[in-house]
Amino acid sequence: MQELNSREALLETVRGLREEMEQVVAEVDEARANEPGSFDEWSFKDLIAHLNGWRSVTAARLEAGLRGEEPVFPWPGNLSEEQDVDAVNRWFHEDSKPKSFDEVLRDQQETFERVEQAIAALPEDDLLGSGRFPWLHWTSEGLGPAVVRGTYGHYHEDHEPELRAWLSTW
């Protein structure tokens, strides 16, 4: 991943991740996407929905920066991102379970669009400057680099290896 020190670098990284994920999705038909147990208890659809859920958190943080407010996350208020990651992951899973594969793919597009639009719209100081938002206490980076690095790493470090291994089995 390149240095995330400009709006262009952030957008290029997000667009590259989007393209990678679209290519992966293009390799999987709906029947295979819904196959249970492909990723422990999850199907491919569940994994994509999980990534969408966390990317919606990225979008929420960026959009909060635009509004000058604290981010609002989709899960119930009794859950904490820092302390209840497994519960948040279960919430994302339960929330997306009734969705069709096509709906999950639309969510993927929508979350990427939200992220890209917010990056494009944020004032550069708010996007790149460190210490701009008190609720961004978990990093010394600016909002844009912190959340893009997190989104990129979540896919590439936590899920891409198992996804590539799964794809190689057929």
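Calculation rules
Residues numbered from 1 in each chain as written. Predicted model: local features only at pLDDT ≥ 70, side-chain atom pairs only at ≥ 80, totals over all residues. Heavy atoms only, no water. Salt bridge = Lys/Arg side-chain N within 4 Å of Asp/Glu carboxyl O. Helix = DSSP H or I, 4+ residues; strand = E, 2+ residues; numbered from the N terminus. Buried < 20%, exposed > 50% of the residue type's maximum accessible area, 1.4 Å probe, protein only. Phe/Tyr/Trp six-rings, centres within 6.5 Å; stacked < 30°, edge-to-face > 60°. Lys NZ or Arg CZ within 6 Å of the ring centre and 35° of its normal. Patch = residues over 30% accessible without salt bridge, like charges linked within 9 Å, V, L, I, M, F, W, Y side chains within 5 Å. Areas by Shrake-Rupley, 256 points an atom, 1.4 Å probe, with all protein chains shown as cover. Lys, Arg positive; Asp, Glu negative; His and termini not counted. Charge placed at Lys NZ, Arg CZ, Asp CG, Glu CD. Expected span 1.5 Å × (residues − 1). Contact = heavy atoms within 4.5 Å. Polar contact = N/O pair within 3.5 Å; in protein donor to acceptor, adjacent residues only side chain to side chain. pLDDT = per-residue confidence, 0-100.

## Here's the deal with the pattern of salt bridges
Counted under the stated rule, the structure contains 15 salt bridges. The residue R18 makes a salt bridge to E22 at a minimum N-O spacing of 3.5 Å. Of the two residues, R18 and E22 are both situated in helix α1 (residues 7–26); the distance of four residues between them amounts to about one turn of the helix. In this structure E22 comes out as partly exposed when scored by relative accessible area, which is 33%. Among the salt bridges present, the one from R114 reaches E63, with a minimum N-O distance of 2.6 Å. Of the two residues, R114 sits in helix α5 (residues 101–121) while E63 sits in helix α3 (residues 44–67), which places them 51 residues apart along the sequence. Classification of R114 by relative accessible area gives partly exposed; the value is 21%. Ionic contacts of the salt-bridge type, sharing partners, join the residues R15, R18, E22, E113 and E116 into one network.

## What about the packing of aromatic side chains?
Two measures describe an aromatic ring pair: the distance that separates the ring centres and the angle between the ring planes. Considering all chains together, one arrives at nine aromatic pairs under this definition. Within the aromatic cluster, the residues linked to one another by ring pairs are W54, F73, W75, W91 and F92. Sitting over the ring of F112, R55 keeps its end group 3.9 Å from the ring centre.

## Regarding a negative patch on the surface
A grouping of D40, E41, E157, D158 and E162 is seen on the molecular surface, where their side chains present a negatively charged patch. Turning to its location among the elements, E157 is positioned in helix α7 (residues 143–167). By relative accessible area, which is 65% here, E157 ends up exposed.

## A short note on α1
Spanning 20 residues, α1 covers 28 Å between terminal C-alpha atoms, matching the ideal 28 Å at 1.5 Å per step. Among the structural elements, α3, α5, α6 (124–128) and α7 are those in contact with the buried residues of α1.

## Focus: the side chain of R18
The class for R18 is buried, based on a relative accessible area of 13%. A polar contact of 2.6 Å, which involves the side chain of R18, links it to the side chain of Q109. Not counting residues up to four positions away in its chain, the partners in contact with R18 are Q109, F112, E113 and E116.

## Quick notes on the environment of E82
Within the secondary structure layout, E82 lies in the loop between α3 and α4 (85–96). Taking the C-alpha atoms as reference, E82 lies 9.7 Å from W138; in sequence the two are 56 residues apart.

## What about the confidence of the model for the protein chain?
Residues at a pLDDT of 70 or more form 99% of the protein chain, whose mean pLDDT is 93. Least confident of the elements in the protein chain is helix α2 (residues 30–33), whose mean pLDDT is 91; most confident is α5, at 98.

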